[in-house]
Amino acid sequence: MKCNIKIKTIKQYKCLQHLEDWGLSTKKLHVELIADNAVKVTDCTGETIVVEMTPDGKFLEDGIPAEIAHA
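Report follows, based on the coordinates. Just so we're clear, the structure is a prediction, and the values are computed from it rather than from any experiment.

This part is about the sheet that holds strand β5 (residues 64-65). The pairing of strands in a sheet happens through backbone hydrogen bonds and is either parallel or antiparallel. Read across the open sheet, the 5 strands follow the order β1-β2-β3-β4-β5; overall the sheet is antiparallel. At either end of the open sheet lies a strand with only one pairing partner, and these are β1 (30-35) and β5.

The following block contains the structure:
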């Protein structure tokens, strides 16, 4: 996985890995580290999403559980 910023925590890495699992290339996204457990990514059209990893290992996308966001 490559992106435009140095990842500082395992949880941030797992958030980016979650995006790649859904088919998004982190090479083509602008990544901002906004917390130890969250990243904000922006695509080329300016659309943004915040991906956060909860303490129990689940992912939230803009505050919505990922399994619901992708339903």
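Turning our attention to the pairing of strand β3 (residues 48-53). The sheet contact formed by strand β2 (residues 38-42) and β3 spans 5 bridges and is antiparallel. Considered in β3, the bridge of V41 is made with I49. Counting the residues in the hairpin turn of β2 and β3 gives 5 residues, including G46, whose phi is positive at 95 degrees. Bridge analysis of β3 against strand β4 (residues 59-61) gives 3 bridges, and the strand direction is antiparallel. Its bridge partner lying in β4, V51 is registered against E61. In textbook terms, the turn of a hairpin is the stretch between consecutive antiparallel strands, and for β3 and β4 this stretch comprises 5 residues, one of which, G57, has a positive phi near 90 degrees.

Analysis parameters
Residues numbered from 1 in each chain as written. Predicted model: local features only at pLDDT ≥ 70, side-chain atom pairs only at ≥ 80, totals over all residues. Heavy atoms only, no water. Pairing = 2+ DSSP bridges. Helix = DSSP H or I, 4+ residues; strand = E, 2+ residues; numbered from the N terminus.

Purely spatial values, then, with no claim about function.
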